[in-house]
Amino acid sequence: MPERRLLSDWQTFRDYGECCYNIQKLNEEKFLPVNCLARQPQVTAEARCRLVSWLIPVHRHFKLSFESCCLAVNIMDRFLSTTPVASDCFQLLGVTSLLIASKQVEVFSPGSPSCWPCAAMPSPRTSCATWSASADWRGSGRALGAEPRGAGPRGRSHSHTAGCWSLARRICELSLADYAFNRYRPSVLVTCAARLAERLLGVATAGEADAGEARGDEEEEEEEEEEEEEEKGRCARNLRLLVSLNQEALRTMAEM
């Protein structure tokens, strides 16, 4: 029965998943809040980092999906890009964004925000990615927000695939609160996080993990593809730097 279910899931992805992913990828630029703090006289990048770092354990407390967390940050950033927010209302904006995201994504969303834990924000500088799009996990067709099933691509075991998925998700969470990562499209950020996770776990060789940086004129002749590979290269380098500077926070997140 599990094997039949796995085949059914894969067939469903082949029929619909790739089409949905391509549509989301085409819409990425429309929902990319690159300079969301440009109109904010009271909200700083540090305040945003603290708020997102607080939202991550809140979404886990209510057992919300990773997609809800990413969508909440994206909703918050897009609101910040259009409307000035007072510093004493900033936390309310974050909670409201998470509630809206949960109502859009979850089957059962949490109740009234009046019962939510809105006291002090924690200090750990940990965060997560600006998006709610699907990822091409090494061509497996998995979304980063969904648990992998069965054997992974290229004959990988379930434990290896699950381990890579978990670490990639933590890396994305780590990047969410860093304002600098708002410039990268969701698909680019997820792909780079997946490759970095494989490299850190030794699942892929260094050359395979850096494939996004090594590509260029030889493999991608079209201008748009070359630009995307350059973007992946910059994103991959910044993710490696982020992880190297936040290894303790990454370990703490893995234990939660």
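Looking at an unreviewed UniProt entry, one finds the chain named Cyclin-like domain-containing protein and attributed to Anguilla anguilla. Taken verbatim from the UniProt record of the chain, the Sequence similarities (unreviewed entry) comment is "Belongs to the cyclin family."

## Thoughts on the overall build of the chain
On a plain count of helices and strands, the chain comes out with ten helices and zero strands. Sorting the 256 residues of the chain into buried and exposed places 45% on the buried side. Counted over contacts in the chain with a minimum sequence separation of 6, partners at least 24 positions apart contribute 76%. When the accessible surface of the chain is summed, it comes to about 13600 Å², and 53% of that surface belongs to carbon and sulfur atoms.

## A look at the packing of helix α6 (residues 186–201) against helix α9 (residues 223–245)
To describe two helices that pack against each other, one gives the angle between their axes and the distance between the axes. Taken N-terminus to C-terminus, the directions of α6 and α9 make an angle of 50°; their axes are 9 Å apart at the nearest point. Comparing their axes, α9 and α6 come out oblique. Between α6 and α9 the crossing geometry is right-handed. Facing Val188, Leu189, Thr191, Cys192, Ala193, Arg195, Leu196, Arg199 and Leu200 of α6, the residues of α9 in contact are Glu228, Glu231, Lys232, Cys235, Ala236, Leu239, Arg240 and Val243. Of the residues contributing to the contact of α6 with α9, the split by class is ten nonpolar, one polar and six charged.

## Quick look at the packing of aromatic side chains
Per the stated rule, a full pass over the model turns up one aromatic pair. Ring centres of phenylalanine 181 and tyrosine 184 lie 5.9 Å apart, and the angle between their planes is 55°; on these two criteria the pair is classed as tilted. Overall, the relative accessible area of 3% leaves phenylalanine 181 in the buried class.

## Section: the pattern of salt bridges
This structure, assessed with the given rule, holds nine salt bridges. A salt bridge links glutamate 173 to arginine 60, with the shortest nitrogen-to-oxygen separation between them at 2.3 Å. Of this pair, glutamate 173 sits in helix α5 (residues 158–176) while arginine 60 sits in helix α2 (residues 45–61), and the two are 113 residues apart along the sequence. One network of salt bridges, in which partners are shared, links Lys25, Glu228, Glu229 and Lys232.

Reading the values: the criteria
- Residues numbered from 1 in each chain as written.
- Predicted model: local features only at pLDDT ≥ 70, side-chain atom pairs only at ≥ 80, totals over all residues.
- Heavy atoms only, no water.
- UniProt positions renumbered as here; feature names shortened; annotations may be inferred.
- Helix = DSSP H or I, 4+ residues; strand = E, 2+ residues; numbered from the N terminus.
- Buried < 20%, exposed > 50% of the residue type's maximum accessible area, 1.4 Å probe, protein only.
- Contact = heavy atoms within 4.5 Å.
- Areas by Shrake-Rupley, 256 points an atom, 1.4 Å probe, with all protein chains shown as cover.
- Axes fitted to C-alpha atoms, helices over the stretch in contact; angles between N-to-C directions.
- Parallel < 35°, antiparallel > 145°, perpendicular 65-115°, else oblique.
- Left-handed = near helix turned anticlockwise from the far one by under 90°.
- Nonpolar A, V, L, I, M, F, W, Y, C, P; charged D, E, K, R; others polar.
- Phe/Tyr/Trp six-rings, centres within 6.5 Å; stacked < 30°, edge-to-face > 60°.
- Salt bridge = Lys/Arg side-chain N within 4 Å of Asp/Glu carboxyl O.

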